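Chain by chain, the residues:
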Amino acid sequence: MWSRTFAGLLLGLLISISVVLNLNLLLPIKEDSMLLIGLLCAFPMWAGIQVWAYSFTSSKKAWLKLALVLAPSAVLNALLLVLR
Amino acid sequence: MKRDALKALTNAHAWVGLIISTILFIIFFAGSLSLFREDINSWERDPYFTVGDDVENFSFDAIISQVTQDYNVHTHGYFILQRPTAEQPSSNIYFEEEIVPQGKLDDDQLQGPVEDHIDKHLVLSPDGKILGDGNAFDWGNFLYQLHYNLHIPEVGLYFVGVVTLFFFVALLSGVVIHWRKIISKFFQYRKDGKKDKLLDAHNLIGVMGLPFHVMYAFSGLVFNLLIVYQISYAVALYGGDQAKLFEAAGVVDVHIEETNIAVPVQGIDKLYLTAKESLGEVDITRISIDHFGDESASVTFRGDDKSQFSTRKEVTYHIASGRELYLTKNNYDNDIRGGLAVIASLHFGDFAGYSLRILFFILGIGTCYIILTGNLMWLQKRANLRSEKQNKFGLRLVKAMTTGGFIGTIFATAVGFICARVLPIDMLNRSDVIGQIFFACLALSLITSLFIKAQKQFSAIFLKITAVALAIIPVLDWLMLPQRIVAMFNFGHFDVLIVEAMLLILALCCWLISSKLVIATEPVIEQETNLNELIDNSIVKASVVS
């Protein structure tokens, strides 16, 4: 249980930051609205991913699936930040 | 959802709930009481400083002149003054007092960290007279701080944030687990089955209060863990420049460098009139002064705009010149600023009077009941396991957490209220002593619970003691301060009654639950008596045979 907890805590946080960052960089909305949308999405996303991590029967699966979600989002982050 | 996944999630739901249960109970119980924080503060303080509503004669300049005459105000510290209102006639002034004049530190003091100032809190009458020291009346604020950081310095805020995150996780996983039955079994409450009853109560209150719970989990996270996203935003979007992030979030910094030229603070009444004109329909309740007594000093007038939902406006002036430094004009509708203000209003339930706060209080105490039923179901499940599969210490620990932690929190709170009423108001470090008594009671409850085997009987007795302790508080109020409380009523202030009603409701709840527990334990006692009789009979028979 602890391993799945840490998977959700760590990767869930990184995924939520990464996805929200992509939203900020992609959507053409004014700055303060975008920051608020990011804030409104980030915490539920983090908690949701934590729940998802708990739904796996093994911790290995949880780390793997979550990493698979994080990877493309992080690549897009890097791409968008370079092109900015 | 697959069966295995659902099973894993159900186990995780129970595990997460159990781990955070005691802390979450304290957070929710203290938070529910904190909805009436101002009433609790008034309950404790105002009987000693009963004042009328002569708000119109209030003069900032007269008070500031009085304070500077009596105290050495710390220039680098804060200076906050709450203006009296019709609801809150005694006002408060908070500042830092220099205890070692600047530039007069000796060699020993210069070598180590030096405490050169102390926090002061004075209570004022509406006409500006200093009534007494406010630091002695801090019980309401103690409960509030317990709610948001458990009085753990530095990391308490983040620790509560992490617990809130897991509360959110428990909520979401609970919804997923219960999803198929969420509509069809919405009102289901099987009062006859022991296990079903706990489960149904857990689901019923959980589902009915779901919007409230989600709002509290989310807003709590925003208050306690916002820093995580703040840092990531600042690093990734603003190249590490936090000032730019604050600017985008509608925060305006009007800081002026200190000049070290002493200038007395005067002319605040005149600036107040200018501020009222500039802010329009804003009820100014709070002023703050930066760099008190320095030529660079500025004053900020702040208040809520009653014509709009959850909108706070402010204006800042340079005191010496009267120059306007900042006025909330085009940034009060900044989405982040406005959004955070709405989240705060939702969390504190401060936008619809007492009715909303009473509803939030009931839902908050309901959440405490959800946490309790969750623990009881876990205990029941473990107790039904074969003895070789049971972790005896784990079982005892959870029982102690449930009895000592949950009832202990209510008991310690009741003792805190009693102390806040009976301890002399001029006692040294009065508020700190009350806080220490609270934690001592909680610790003692937990330790006692660990060593008691008959938990159900112990819970029943402990709840009864707690109920009596809670019910005694209104009695003490009327025995100790009857005339002062009546004087408060005459001025139209009923905070004492509100707090007493809240405590009596809690006392009634504790007594009723205790009575139910006594009924539930009676057959067990009877069974034990029968067993004793059987043993006695066997002994008698054995002795007869021998």
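Here is a short report on the structure shown in this document. (Residues numbered from 1 in each chain as written. Chains lettered and ligands numbered in written order. Predicted model: local features only at pLDDT ≥ 70, side-chain atom pairs only at ≥ 80, totals over all residues. Heavy atoms only, no water.)

1. A word on the overall build of chain B
Helix and strand counts for chain B stand at 17 helices and eight strands. Expressed as a percentage of the 546 residues in chain B, the buried residues total 47%. Long-range contacts, defined here as pairs at least 24 residues apart, represent 69% of the contacts in chain B between residues at least 6 apart. Carbon and sulfur atoms make up 60% of the accessible area of chain B, which totals about 27,500 Å². (Helix = DSSP H or I, 4+ residues; strand = E, 2+ residues; numbered from the N terminus. Buried < 20%, exposed > 50% of the residue type's maximum accessible area, 1.4 Å probe, protein only. Contact = heavy atoms within 4.5 Å. Areas by Shrake-Rupley, 256 points an atom, 1.4 Å probe, with all protein chains shown as cover.)

2. Thoughts on the overall build of chain A
The helix and strand inventory of chain A stands at three helices and zero strands. Walking chain A from its N terminus toward its C terminus, one meets helices and strands in the order α-α-α. Along the longest, intermediate and shortest principal axes, the C-alpha atoms of chain A span 40 × 25 × 15 Å. Counting across all 84 residues of chain A, residues that qualify as buried make up 45%. Sequence-distant contacts, at least 24 apart, represent 76% of the contacts inside chain A between residues at least 6 apart. Carbon and sulfur atoms make up 77% of the accessible area of chain A, which totals about 4,100 Å².

3. Things to note about the packing of helix α2 (residues 31-54) of chain A against helix α8 (residues 210-238) of chain B
Relative to each other, α2 of chain A and α8 of chain B sit at 120°, their axes nearing to 10 Å. As far as their axial angle goes, α8 of chain B and α2 of chain A are oblique. When the axes of α2 of chain A and α8 of chain B are compared, the crossing they make is right-handed. Only Phe 218, Leu 221, Val 222, Leu 225, Leu 226, Tyr 229, Tyr 233, Leu 237 and Tyr 238 of chain B of α8 of chain B make contact with α2 of chain A, whose side of the interface consists of Glu 31, Leu 35, Gly 38, Leu 39, Leu 40, Ala 42, Phe 43, Pro 44 and Trp 46 of chain A. Here the contact of α2 of chain A with α8 of chain B is built from residues that sort into 16 nonpolar, one polar and one charged. (Axes fitted to C-alpha atoms, helices over the stretch in contact; angles between N-to-C directions. Parallel < 35°, antiparallel > 145°, perpendicular 65-115°, else oblique. Left-handed = near helix turned anticlockwise from the far one by under 90°. Nonpolar A, V, L, I, M, F, W, Y, C, P; charged D, E, K, R; others polar.)

4. Thoughts on the pattern of salt bridges
Applying the stated criterion to the full structure yields nine salt bridges over all chains. Measuring nitrogen to oxygen at the nearest pair gives 3.5 Å for the salt bridge that ties Lys 30 of chain A to Asp 32 of chain A. Relative accessible area serves as the criterion here: at 9%, Asp 32 of chain A is assigned to the buried category. One salt bridge in this structure joins Arg 302 of chain B and Glu 314 of chain B, with 2.9 Å as the shortest N-O distance. (Salt bridge = Lys/Arg side-chain N within 4 Å of Asp/Glu carboxyl O.)

5. Thoughts on the nonpolar core
Grouped together as the largest cluster of nonpolar side chains are 106 residues, with contacts concentrated most on Phe 43 of chain A together with Leu 33, Trp 139 and Phe 417 of chain B. Tallying contributions element by element places α8 of chain B first for this core, with 13 residues. Judged by nonpolar contacts, the second largest core, of 31 residues, contains Val 73, Ile 284, Ile 319 and Leu 327 of chain B. (Core = buried A, V, L, I, M, F, W, Y, C linked by side-chain atoms within 4.5 Å.)

6. Quick word on the interface of chain A and chain B
Much of the literature gives interface size as the accessible area that the parts lose upon coming together. Taken together, the contacts link 35 residues of chain A with 36 residues of chain B. Where chain A abuts chain B, roughly 3,100 Å² becomes buried across the two surfaces, and 80% of that area is made up of carbon and sulfur atoms. Of all residues in chain A, the largest losses of buried area upon contact with chain B belong to Leu 35, Leu 39 and Phe 43 of chain A, amounting jointly to 22% of the total for that side. At the junction of chain A and chain B, the tally comes to one salt bridge. The residue Lys 30 of chain A makes a salt bridge to Asp 335 of chain B at a minimum N-O spacing of 3.9 Å. Our enumeration of links across chain A and chain B arrives at seven residue pairs in polar contact (both at pLDDT 80 or more). When residues of the side of chain A that touches chain B are assigned to their parent elements, the largest contribution, 17 residues, is made by α2 of chain A. Split by residue class, the side of chain A that touches chain B holds 21 nonpolar, nine polar and five charged. (Buried area = accessible area lost by both parts, 1.4 Å probe. Polar contact = N/O pair within 3.5 Å; in protein donor to acceptor, adjacent residues only side chain to side chain.)

7. Comments concerning the environment of Leu 325 of chain B
Along the chain, Leu 325 of chain B turns up in strand β8 (residues 324-327). Once the C-alpha coordinates of Leu 325 of chain B and Gly 394 of chain B are considered, the two residues, 69 residues apart in sequence, prove to be 61 Å apart.

Such coordinate-based values are descriptive only and should not be taken to indicate function.
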